[in-house]
Amino acid sequence: MYNPIEGTTISNVRVFDSNFGQTKVNPKPHVPECNSNSKHQSLCVDVESNVLDSCTNTPVTPIGISTGVVAKIPVVLAELTVQFHVGALIHLPERALEVKNIKKRIKITQCMLLQPTNVLFIKGFIRKNIDYSTGTCANMKGVCGELHHCTVDVPFECSTPICFSTPPAELAVNSSAEFEYFKVSDLPNKHFAEKDKLLAGDLSEFNQIIVENFNELPFCELISARIFEFDEFIGRHRSHDEELPFEEKFFKKIEEKMVIELKVKVLQNRQVRIPAVGGTGGGCPSPFTCSADED
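Parameters at a glance
Residues numbered from 1 in each chain as written. Predicted model: local features only at pLDDT ≥ 70, side-chain atom pairs only at ≥ 80, totals over all residues. Heavy atoms only, no water. Helix = DSSP H or I, 4+ residues; strand = E, 2+ residues; numbered from the N terminus. Contact = heavy atoms within 4.5 Å. Areas by Shrake-Rupley, 256 points an atom, 1.4 Å probe, with all protein chains shown as cover. Pairing = 2+ DSSP bridges. Axes fitted to C-alpha atoms, helices over the stretch in contact; angles between N-to-C directions. Salt bridge = Lys/Arg side-chain N within 4 Å of Asp/Glu carboxyl O. Patch = residues over 30% accessible without salt bridge, like charges linked within 9 Å, V, L, I, M, F, W, Y side chains within 5 Å. Lys, Arg positive; Asp, Glu negative; His and termini not counted. Charge placed at Lys NZ, Arg CZ, Asp CG, Glu CD. Buried < 20%, exposed > 50% of the residue type's maximum accessible area, 1.4 Å probe, protein only. Polar contact = N/O pair within 3.5 Å; in protein donor to acceptor, adjacent residues only side chain to side chain.

1. Things to note about the overall build of the protein
On a plain count of helices and strands, the protein comes out with zero helices and 14 strands. Taken from the N to the C terminus, the helices and strands of the protein come in the order β-β-β-β-β-β-β-β-β-β-β-β-β-β. Nonlocal contacts in the protein, meaning residues at least 24 apart in sequence, comprise 71% of its contacts between residues at least 6 apart. For the protein, the exposed surface amounts to about 22,700 Å²; the carbon and sulfur share of it is 53%.

Here is the structure:
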């Protein structure tokens, strides 16, 4: 027999009772419970899953207008590959020992065709997520530290002339015109004969015709992007009193040079006449079965 030690909550550890020289094993390890009322709820994870069974379906043949229509659809004006160059100098918030990885994403904020010219203006930025290692302790045999990251946006802007495969719709401009009505007025007898009349426009009114035309603005679609990049660490150095392996140095600046290729499609909503079509079949045969009941 041994006396229990009050307040002992150590799990899976042999606890020695100095009064009797015996040992015991906690048979019920203490683990924080994972429930909605537990104060350790933020440390827990919950997963819910469902088994999705297959559903049957009945194919329906689409029915369209076969007599010919006029449709308003996007029309491709041009498709082109734009190449431009970007240089940037990135300042890290702390000393870095090594860059582990750089992830890049192209973001376009403006792609505008300046009508009635053929010049396309492109503006955006490159989102860069830089993973780098730091040095918290070091000696002549190695360096230890943490893995940090820094996310930056590198802006760019360029313009390029394009060749149209289909010219955009002609711009309809606004107009303003004035008009007036003819009026016959009497003249003062002091200076004119009684039979004389003033034949002129009516000055007591102002008449105008204003025409507003609302054109379809061309827009862009980004098809693909390629980035060719060269990064170089600037100002790598080490303090004289620092103990580091002979190759290791710290830096805070990254100079990069990039060649970017964007494949862009320029479109405009236009009215297109679609001619009548002949009889349509039942559709193309599918390589997949149409029902879950088929063998």
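So that's the structure; there's more coming.
2. Re the sheet that holds strand β8 (residues 147–161)
Taken together, three strands build an open sheet; the order of strands is β4-β5-β8 and the sheet is antiparallel. One side of each edge strand has no neighbouring strand; the edge strands of this open sheet are β4 (98–114) and β8. Ignoring which end each strand starts from, the neighbouring axes of this sheet average 15° apart.

3. Let's talk about the pairing of β4
In the sheet, β4 pairs with strand β5 (residues 119–133) via 15 bridges, with the strands oriented antiparallel. Each residue of the ladder has a partner; that of I108, found in β5, is G124. Linking β4 to β5, which pair antiparallel, is a turn of four residues.

4. Thoughts on the pattern of salt bridges
Applying the stated rule across the entire model yields twelve salt bridges. Between E242 and R95 there is a salt bridge, with its nearest N and O atoms 2.9 Å apart. Of the two residues, E242 is situated in the loop between β13 (219–234) and β14 (251–274) and R95 in strand β3 (residues 69–96); the sequence distance between them amounts to 147 residues. Connected through salt bridges with shared partners, the residues K104, K128, E229 and E256 form a single ionic network.

5. Some details on a positive patch on the surface
On the surface, a cluster of positive charge is made up of K103, R105, K107 and R127. A total of three residues in the positive patch trace back to one element, the largest contributor, which is β4. Residue K107 is classed as partly exposed on the basis of its relative accessible area, which comes to 35%.

6. Describing the sheet that holds β13
Taking strand neighbours across the sheet as the criterion, the three strands line up as β3-β14-β13 in an open arrangement whose pairing is antiparallel. This sheet does not close on itself; its edge strands, each paired only once, are β3 and β13. This sheet shows a mean twist of 10° between the axes of neighbouring strands, independent of strand direction. As judged from the 15 bridges shared by β13 and β14, these two strands associate in the antiparallel manner. When the bridges of β14 are listed, F228 appears paired with V259.

7. Quick notes on a nonpolar patch on the surface
A surface patch of nonpolar side chains, amounting to about 370 Å² of accessible area, comprises F179, Y181, I209 and V211. Structurally, the position occupied by Y181 is in the loop between β9 (175–179) and β10 (182–186).

8. Let's talk about the side chain of K128
Checked against the element boundaries, K128 lands in strand β5. Taking the relative accessible area as the measure of exposure, K128 reaches 0% and is therefore buried. Setting aside its immediate chain neighbours within four residues, K128 contacts I90, I102, K103, K104, C150, T151, V152, V154, E229, E256 and M258.

9. Some details on the environment of L262
Along the chain, L262 falls in strand β14. Note on L262: relative accessible area 0%, which makes it buried. Placed 35 residues apart in sequence, L262 and I227 show a C-alpha to C-alpha distance of 8.8 Å. Among all residues touching L262, those that are not within four sequence positions of it are L80, T81, V82, F84, I106, I108, I122, L222, S224 and A225.

10. A word on the environment of H237
Along the polypeptide, H237 turns up in the loop between β13 and β14. For the pair H237 and E248, spaced eleven residues apart in the sequence, the C-alpha separation amounts to 8.5 Å.

11. Examining the side chain of Q268
Relative to the helices and strands, Q268 resides in strand β14. From its side chain, Q268 meets the backbone nitrogen of A169 in a polar contact 3.0 Å long. Ignoring any residue separated from it by four or fewer positions in sequence, one finds Q268 in contact with I73, P74, V75, L77, Q115, P168, A169, E216, P218 and F219.

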